[in-house]
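# Observations on the model geometry
Residues per chain are reported as follows:
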Amino acid sequence: MKEMPYGRQFIDREDIKAVVDVLKSGWITQGPKIKEFESTLCKYTGAKYSVVASSGTAALHLACLALGIKQNDEVITSPVTFVASGNCILYCGGKPVFADIKPDTVNIDPKEIIRKITKKTKAIIPVHFAGRPCDLHEIKTVAKKHDLLIIEDAAHALGAEYKGSKVGNCRYSDMTVFSFHPVKSITTGEGGAILTNNKKYYNKLVMLRQHGVTKDYSKFCLKNQGQWHYEMQTLGFNYRITDFQCALGISQLKKIDKFINKRRKIVKIYNEIFRNNDFFDLPIEEDNINSSWHLYPIRLKDKYKGKKSLIFNKLRERGLKVQVHYKPVYLQLYYQYLGYKKGICPNAEDFYQREISIPLYYSMTAGDARYVKKKLFNVIKGIDI
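Overview of the structure.

Conventions used here
Residues numbered from 1 in each chain as written. Predicted model: local features only at pLDDT ≥ 70, side-chain atom pairs only at ≥ 80, totals over all residues. Heavy atoms only, no water. Core = buried A, V, L, I, M, F, W, Y, C linked by side-chain atoms within 4.5 Å. Buried < 20%, exposed > 50% of the residue type's maximum accessible area, 1.4 Å probe, protein only. Helix = DSSP H or I, 4+ residues; strand = E, 2+ residues; numbered from the N terminus. Polar contact = N/O pair within 3.5 Å; in protein donor to acceptor, adjacent residues only side chain to side chain. Contact = heavy atoms within 4.5 Å. Pairing = 2+ DSSP bridges. Axes fitted to C-alpha atoms, helices over the stretch in contact; angles between N-to-C directions. 1 Å grid on protein atoms, 1.4 Å probe; cavity = no way out; pocket = protein on both sides within 12 Å on 5 of 7 lines; lining within 4 Å. Points joined across faces, edges and corners; volume = space filled by probe spheres on them. Phe/Tyr/Trp six-rings, centres within 6.5 Å; stacked < 30°, edge-to-face > 60°. Lys NZ or Arg CZ within 6 Å of the ring centre and 35° of its normal. Parallel < 35°, antiparallel > 145°, perpendicular 65-115°, else oblique. Left-handed = near helix turned anticlockwise from the far one by under 90°.

### Overview of the nonpolar core
With 32 residues, the main nonpolar core has Tyr-270, Phe-280, Tyr-296, Ile-311, Ile-358 and Leu-376 as its most contacted residues. The set of elements that each furnish at least two residues to this core consists of helix H9 (256-273), strand S15 (296-300), helix H11 (308-317), strand S17 (355-358) and helix H14 (366-381). Considering each element in turn, this core owes the most residues, seven residues, to H14. Within the second largest apolar cluster, 28 residues are counted, among which are Ala-66, Ile-89, Val-177 and Tyr-239.

What follows is the structure, given as structure tokens:
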């Protein structure tokens, strides 16, 4: 039986050689590939500064710390995301506030953001769900009016474009965070990055990534302590990434346009072969954006909504390793313990009851896409409704 995951990495000989070359060198961590990868990310996105970290979650945490999120601060984010988008706020002692999504795009609704703003609100973390950029102009307008900071959670969106420019240039935000997990646009195994145009934030991020320590003499509070001297000036973390991971990232980034274009070709095929079907609705892409198509999330129509679990299980039994993205964060057990209640974001909850992510990755073929259709339609047609 043929098995197809919902997503997977693509590693070629050049990627492997890049990693091996570093493993044979004198530096495997804290070496020159870190800066090279950061510079490459800046060149690709158009941001001034980049700080790479051990994971996308670590990058989100560092971004919140650098912006000064603290005890009792409220930060508004989307409920349709991986738990890290809310957890990074909790790590800082803040309170995640979930604003509902727009039903068509599945991205956070700027009007719902406005409804959730209080005197305690410090920042907004919009999530570019499935690689489709949020309404960044509208969100920035809201943030400016209420003196709020913005961290773009672009874990899904490296390679995406909004109004003609790359996500990550921070034109509409204070920081942008990427993830390099294996199912993302490019991979370093585990890894993440924060992009910013603010030098003050950049300096904070660099120090917080490495235990709160600086080795820069110009920044020392204590002078003439010896050449071995370094200073821990704040409480930081070990969120460093290795040189061989960065070597992989550099090699992968060279191919990102090819990766995104291939995903777009598969999406075009899906859109054609699924057009006007009676079983589910398709994801959309507005005119002013280019999605990176991290996911292809279908939404079951009303009559199949209550059969999602059965459909999901049967697809997996037949080799389609589909996934669900996501259970609204506030419905997770830990968040229920914190006092969050069901019903606060009805659009997000409705989406969760319908959504299934079907296979989409670089090495897929047109034949694979048609195979997915055959399996998917056979399963749904066989469901007794």
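### What about the side chain of Ser-291?
With respect to the helices and strands, the residue Ser-291 is situated in the loop between strand S14 (289-290) and S15. A relative accessible area of 2% places Ser-291 in the buried class. Reaching out from Ser-291, the side chain makes a polar contact with the backbone nitrogen of Arg-132 at a distance of 3.5 Å. Every residue in contact with Ser-291, bar those within four places of it in the chain, is listed here: Ala-130, Gly-131, Arg-132, Pro-133, Ala-160, Ile-260, Arg-264 and Glu-285.

### So, the sheet that holds strand S5 (residues 121-125)
Strand order in the open sheet made by the seven strands is S2-S10-S9-S6-S5-S3-S4, with mixed pairing throughout. The sheet terminates laterally at strand S2 (49-53) and strand S4 (95-98), the two strands that pair on one side only. The mean inter-strand angle of the sheet, taken between neighbouring strand axes irrespective of direction, is 25°. Each of strand S3 (74-77), S4, S5 and strand S6 (149-153) is contacted by helix H4 (residues 84-91), which is oriented at about 145° to S4, the strand it contacts most.

### Remarks on empty space enclosed by the protein
A full pass over the atoms with the stated rule returns two cavities of 30 Å³ or more. For the largest cavity, the calculated volume is near 70 Å³. Around the largest cavity, the lining residues are Arg-8, Gln-9, Phe-10, Pro-182, Lys-184, Ser-185, Ile-186, Thr-187, Gln-252, Phe-259, Arg-263 and Tyr-362. For the second largest cavity, the calculated volume is near 30 Å³. In terms of lining residues, the second largest cavity is bounded by Leu-136, Glu-152, Tyr-162, Ser-165, Lys-166, Val-167, Gly-168, Asn-169 and Tyr-172.

### Some thoughts on the packing of aromatic side chains
Taken as a whole and assessed by the stated rule, the structure comprises 23 aromatic pairs. Where Tyr-49 meets Tyr-202, the ring centres are 5.0 Å apart and the plane angle is 20°; that geometry is what we call stacked. Here Tyr-202 lies in helix H7 (residues 199-209) and Tyr-49 lies in strand S2, a separation of 153 residues in the sequence. A relative accessible area of 22% means that Tyr-49 is categorised as partly exposed. Exposure remark for Tyr-202: the relative accessible area of 15% places this residue in the buried category. With 5.8 Å between their ring centres and 50° between their planes, Phe-98 and Tyr-330 make a pair best called tilted. With a gap of 232 residues between them, Phe-98 in strand S4 and Tyr-330 in the loop between strand S16 (320-321) and helix H12 (333-337) connect regions that are remote in the sequence. Here Phe-98 falls in the buried class, since its relative accessible area comes to 2%. Ring-pair connections join several aromatic residues into one group, and the members of that group are Tyr-270, Phe-274, Phe-279, Phe-280, Trp-293, Tyr-296, Tyr-304 and Phe-377. Here the basic side chain of Lys-262 rests over the ring of Tyr-362, its NZ or CZ set 5.2 Å away from the ring centre.

### Examining the packing of helix H1 (residues 13-23) against helix H8 (residues 243-253)
With their axes 8 Å apart at the nearest point, H1 and H8 run at an angle of 150° to one another. For the element pair H1 / H8, the angle class is roughly antiparallel. Between H1 and H8 the crossing geometry is right-handed. Residues Glu-14, Asp-15, Ala-18, Val-19, Val-22 and Leu-23 of H1 form the contact with H8, whose participating residues are Asp-243, Phe-244, Ala-247, Leu-248, Ser-251 and Gln-252.

### What about unusual backbone geometry?
Residue Tyr-326 follows His-325 across a cis peptide bond; omega there is 0°. Take Tyr-326: it is sitting in the loop between S16 and H12. You will see that Gln-30, though not glycine, has its phi angle at about 55°, which is positive. Following the sequence through the fold, Gln-30 ends up in the loop between H1 and helix H2 (32-45). With relative accessibility at 38%, the residue Gln-30 sits in the partly exposed group. In this model, Asn-276 sits at a positive phi of 60°, which is unusual for a non-glycine residue. Inspection of the secondary structure puts Asn-276 in the loop between H9 and strand S13 (280-281). For Asn-276, a relative accessible area of 72% gives the class exposed.

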